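Breakdown of the fold
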Amino acid sequence: MTENAPRFVLKLQCPDRPGIVAGVASALTRGGGNILESAQFGDLQTGLFFMRVCFTAPETKTLSSFEDLITPVANAFGMDWGLHDQAVKPRLLIMVSKFDHCLQDLAYRWHIGSLPAEIAGIVSNHETARSCAEHYGLPFHHWPVTKDNKAEREAQLIDLIEAENIDLVVLARYMQVLSEDLCGRYPGRIINIHHSFLPAFKGAAPYSRAHERGVKLIGATGHYVTTDLDEGPIIEQHAERVTHANSAAEFVSIGRGIESRVLSRAVIAHCEHRVFINGIKTVVFS
């Protein structure tokens, strides 16, 4: 195999039982695949087995030829599975409101090539992020949202997602609550970031309120969006210690740094096909 050989990622989950790994390995071997990475986990609580395999393929083999080899194994074990070409990057739509620190981090990572995705556009209910979009040459959609036009804006959003073949919607501090219909339409395809004070400090100025209460840890959570507000399966989290000596402004600065890192890690893990939804939680391979 050469360094430029095609690389595919197989991602699967199914009821756990003997023979799954052997069946997958045999199918890949028959196609001339060479396994580079393999990670698996059996959840004793749910009885489910999760597996991610990255492998190289002969240049004469296509993704569909491996799908044909894997299908009989997948059917035999009742797998929920997908095969992905690493050369094909997921398409992202980033949504943001006034605070653009998470957007700036994602856009910069995309610019230097460390974000394994294509940013297809930015949607905002404010003009604040336009300069970022213009700086990086990204399409910008300014769609102000009111209670009277919310349904119309969501219809526009759905049209944009479908027209641009969006694989993942990223809520990079987008401060509008999406409807249950929209959330249910794209399960496992919308990621949100929020501070880890929830539910203690909901609403405006959470860092200032946390500072008033003398909080000693601040953090952030990246999670999939579901119809349960801010309670979707968690992908990534991080926290840092703060002290009485930190000002409220420092709380905000530290918090925004954590939010940016956590969201980027969650998005990257998703785009590398390392995240599995396991009921109300996730399995995330490193």
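Refer to the preceding data block for the structure.
As a starting point, this report considers the structure included with it. (Residues numbered from 1 in each chain as written. Predicted model: local features only at pLDDT ≥ 70, side-chain atom pairs only at ≥ 80, totals over all residues. Heavy atoms only, no water.)

Here we look at the overall build of the protein
Broken down by element type, the protein carries eight helices and 13 strands. Looking at the 286 residues of the protein, the share that counts as buried comes to 46%. Residue pairs at least 24 apart in sequence account for 67% of intrachain contacts in the protein once pairs closer than 6 positions are excluded. (Helix = DSSP H or I, 4+ residues; strand = E, 2+ residues; numbered from the N terminus. Buried < 20%, exposed > 50% of the residue type's maximum accessible area, 1.4 Å probe, protein only. Contact = heavy atoms within 4.5 Å.)

Describing the side chain of S124
Looking at the secondary structure, you find S124 in strand 6 (residues 118-124). For S124, a relative accessible area of 0% corresponds to the buried category. Within the structure, the side chain of S124 is placed 2.9 Å from the backbone oxygen of H126, a separation counted as a polar contact. When residues no more than four places from it in sequence are discounted, the contact partners of S124 are V96, S97, F140, H141, H142, W143 and P144. (Polar contact = N/O pair within 3.5 Å; in protein donor to acceptor, adjacent residues only side chain to side chain.)

Considering the sheet that holds strand 4 (residues 80-85)
Judged by pairing direction, the sheet is antiparallel, and its four strands sit side by side in the order 2-3-1-4 without closing on themselves. Strand pairing shows two members of the sheet lacking a second neighbour, strand 2 (34-43) and strand 4, which therefore form its edges. Geometrically, the sheet is characterised by an average inter-axis angle of 10° between neighbouring strands, direction not taken into account. Packing against the sheet, helix 1 (residues 20-30) makes contact with strand 1 (7-15), strand 2 and strand 3 (48-56), and its axis sits at approximately 20° to strand 3. (Pairing = 2+ DSSP bridges. Axes fitted to C-alpha atoms, helices over the stretch in contact; angles between N-to-C directions.)

Things to note about the sheet that holds strand 11 (residues 234-241)
If you trace the seven strands from one edge of the open sheet to the other, you get 7-6-5-8-9-10-11, paired in mixed fashion. A single partner strand is all that each edge strand has here, and the edge strands are strand 7 (140-142) and strand 11. Across the sheet, the mean angle separating the axes of adjacent strands is 15° when strand polarity is ignored. The pairing of strand 6 with strand 7 spans three bridges and is parallel. In the strand pairing of strand 7, I122 is matched with F140.

Section: helix 2 (residues 63-77)
For helix 2, with 15 residues, the first-to-last C-alpha span of 21 Å sits near the 21 Å given by 1.5 Å per residue. Against the buried residues of helix 2 lie strand 1, helix 1, strand 3 and strand 4. G78 sits one or two positions beyond helix 2 and adopts a positive phi of about 65°. (Expected span 1.5 Å × (residues − 1).)

Side note on a negative patch on the surface
Taken together, the side chains of E180, D181, D228 and E231 make up a negatively charged region of the molecular surface. A relative accessible area of 68% means that D181 is categorised as exposed. (Patch = residues over 30% accessible without salt bridge, like charges linked within 9 Å, V, L, I, M, F, W, Y side chains within 5 Å. Areas by Shrake-Rupley, 256 points an atom, 1.4 Å probe, with all protein chains shown as cover. Salt bridge = Lys/Arg side-chain N within 4 Å of Asp/Glu carboxyl O. Lys, Arg positive; Asp, Glu negative; His and termini not counted. Charge placed at Lys NZ, Arg CZ, Asp CG, Glu CD.)

Considerations on the pattern of salt bridges
The final tally for this structure, using the stated rule, is ten salt bridges. Between E127 and R130 there is a salt bridge; the shortest N-O distance is 2.5 Å. On the accessibility criterion, E127 (41% relative accessible area) is partly exposed. Residue classification places R130 among the partly exposed residues on the basis of a relative accessible area of 30%.

Thoughts on the packing of helix 1 against helix 2
Contact geometry of helix 1 with helix 2 gives a least axis separation of 9 Å together with a crossing angle of 165°. Here helix 1 lies roughly antiparallel to helix 2, going by the angle between them. In this structure, helix 1 meets helix 2 at a crossing whose hand is right-handed. Each of I20, G23, V24, A27, L28 and R30 in helix 1 lies in contact with helix 2, whose residues at this interface are F66, L69, I70, V73 and F77. Residues belonging to the contact of helix 1 with helix 2 are distributed by class as follows: nine nonpolar, one polar and one charged. (Parallel < 35°, antiparallel > 145°, perpendicular 65-115°, else oblique. Left-handed = near helix turned anticlockwise from the far one by under 90°. Nonpolar A, V, L, I, M, F, W, Y, C, P; charged D, E, K, R; others polar.)

Some thoughts on the layout of surface pockets
Taken as a whole, the second largest pocket spans an internal volume of roughly 540 Å³. In this structure, the second largest pocket is lined by 24 residues; those nearest its centre are K11, H84, G188, H270 and H273. Elements represented by at least two residues in the lining of the second largest pocket include exactly strand 1, strand 4 and strand 12 (275-278). The biggest single contributor to the lining of the second largest pocket is strand 4, with five residues. Along the lines of polarity and charge, the residues of the lining of the second largest pocket split into ten nonpolar, seven polar and seven charged. (1 Å grid on protein atoms, 1.4 Å probe; cavity = no way out; pocket = protein on both sides within 12 Å on 5 of 7 lines; lining within 4 Å. Points joined across faces, edges and corners; volume = space filled by probe spheres on them.)

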